[in-house]
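# Structural characterization, general
For reference, the chains in residue letters:
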Amino acid sequence: MTGELAAALHAEVLKLRRSRVPWATAGAVALAGAVGAFFMFVLQDVDRARTLGLLGAKAQLTGGTADWPGYFALAAQTVAVGGLIIFGTAAVWLFGREFSDRTATDLLALPTSRTAVVLAKLLLLLVWCTALTVLLVGLVLLLGTALGLPGWTAGAALRGAGGVLVAGLLTAGLAASYGLAASVGRGYLPAVAVLFLTVLVAQVLAAVGHGAWFPWAVPALLAGTAGPGTADAGAAGVPGVVLVALGSAAATAAWWERADHSA
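The present account deals with the structure reproduced in this document. (Residues numbered from 1 in each chain as written. Predicted model: local features only at pLDDT ≥ 70, side-chain atom pairs only at ≥ 80, totals over all residues. Heavy atoms only, no water.)

On a plain count of helices and strands, the protein chain comes out with ten helices and zero strands. In the protein chain, the succession of α and β elements from N to C terminus is α-α-α-α-α-α-α-α-α-α. The proportion of buried residues among the 263 residues of the protein chain is 43%. Of the contacts formed within the protein chain by residues at least 6 apart in sequence, a portion of 78% connects residues at least 24 apart. Carbon and sulfur atoms make up 69% of the accessible area of the protein chain, which totals about 12900 Å². (Helix = DSSP H or I, 4+ residues; strand = E, 2+ residues; numbered from the N terminus. Buried < 20%, exposed > 50% of the residue type's maximum accessible area, 1.4 Å probe, protein only. Contact = heavy atoms within 4.5 Å. Areas by Shrake-Rupley, 256 points an atom, 1.4 Å probe, with all protein chains shown as cover.)

Here it is as structure tokens:
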């Protein structure tokens, strides 16, 4: 199984290297980091931002502080919400492209087990999402230094970076569910519909105080997107995310093993 997994992973890496999708996701993360830096710049001096034309005369900014803890908190929220879309897009591409490009049947004809193929895709998804999260942390450190944000301490930096990484890993686990949707739906569109539906439902439930029971809302709750004092997903929060991740992986492998791929 180890040899089959290595072969399947090598093939998936080659596909990834020849695609523009990784660059697109990296660009989206870089844009998110830049937007966060823009908000920090505005919060540093609101009057200056208005003078420079960066803020409307009647605009009011509430929440957030222009310091290192504030920037890291904003990055964690970005990963928890925007990352669900970016990481989900990666998962949909990894699985859905095989059906859209009509290569699924050819893929299954190889002497590599179907489970190994699925595991290779999921492992690559995890590495991909982790790399994007690390990229965002690096941008926060770079841009925060350029802005001269106050409040830097080694402890604050470790806590802030750790919070972003945890949000990224939880969100990456949830992204596995979109790989399942792309497999069962045999393409991009059904999975994209599931992606946007879960993002919408997560935001609504988090806003009304019931997000802890919906795994796709848990990373955002832990990041504090619902407001101050809401970074608590309850006893069922993180275990629910883990169950979704593991359950999606197992269900995807089972589907690829047992589904009728002749259609």
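Running from amino to carboxyl end, helix 7 (residues 154-184) crosses helix 10 (residues 237-258) at an angle of 30°, the nearest separation of the two axes being 8 Å. Taken as axis vectors, helix 7 and helix 10 run roughly parallel relative to one another. Helix-helix and strand crossings are classified by hand; for helix 7 and helix 10 the assignment is left-handed. Residue-level contacts link L170, G173, L174, A176, S177, G179, L180, S183 and V184 of helix 7 to V238, V241, V244, A245, S248, A251, T252, W255 and W256 of helix 10. Here the residues of the contact of helix 7 with helix 10 sort into twelve nonpolar, six polar and no charged. (Axes fitted to C-alpha atoms, helices over the stretch in contact; angles between N-to-C directions. Parallel < 35°, antiparallel > 145°, perpendicular 65-115°, else oblique. Left-handed = near helix turned anticlockwise from the far one by under 90°. Nonpolar A, V, L, I, M, F, W, Y, C, P; charged D, E, K, R; others polar.)

Looking now at the nonpolar core. Judged by nonpolar contacts, the single largest core of 62 residues is most densely connected at F87, W128, V164, Y178 and W216. The element best represented in this core is helix 4 (residues 68-100), accounting for 17 residues. Among residues more than four places away in sequence, those in contact with F87 are V79, L125, C129, L132, T133, G168, T171, A172 and A175. (Core = buried A, V, L, I, M, F, W, Y, C linked by side-chain atoms within 4.5 Å.)

Let us look at the packing of aromatic side chains. On inspection of all chains with the given rule, the structure shows nine aromatic pairs. Between the aromatic rings of W68 and F72, the centroid separation amounts to 6.0 Å while the plane-to-plane angle is 35°, which identifies the pairing as tilted. Here W68 and its partner F72 are both found in helix 4, four residues apart, which amounts to about one turn of the helix. For the pair formed by W68 and F72, the shared burial category is buried. Through successive ring pairs, a cluster of aromatic residues spans F95, F99, W255 and W256. (Phe/Tyr/Trp six-rings, centres within 6.5 Å; stacked < 30°, edge-to-face > 60°.)

Let's shift gears to the side chain of T25. As for its position among the elements, T25 is in helix 2 (residues 21-44). Within the local environment of T25, its side chain forms a polar contact with the side chain of W128, the two groups lying 3.2 Å apart. Sequence-distant contacts of T25, defined by excluding residues within four places in its chain, comprise I86, W128 and L132. (Polar contact = N/O pair within 3.5 Å; in protein donor to acceptor, adjacent residues only side chain to side chain.)

Here the structure, examined in full by the defined rule, presents five salt bridges. Between E12 and K121 there is a salt bridge whose closest N-O contact spans 3.1 Å. With E12 in helix 1 (residues 2-17) and K121 in helix 6 (residues 114-147), the pair connects residues that are 109 residues apart, well separated along the chain. What makes K121 buried here is its relative accessible area of 0%. (Salt bridge = Lys/Arg side-chain N within 4 Å of Asp/Glu carboxyl O.)

Compared with an ideal rise of 1.5 Å per residue, which puts 22 residues at 32 Å, helix 10 spans 31 Å between its outermost C-alpha atoms and is within 8% of the ideal. For helix 10, the set of buried residues is G237, G240, V241, V244, A245, S248, T252, A253, W255 and W256. (Expected span 1.5 Å × (residues − 1).)

The subject of this paragraph is the environment of V127. Secondary-structure assignment places V127 in helix 6. Taking C-alpha positions, V127 is 9.8 Å from L169, a pair spaced 42 residues apart along the chain.

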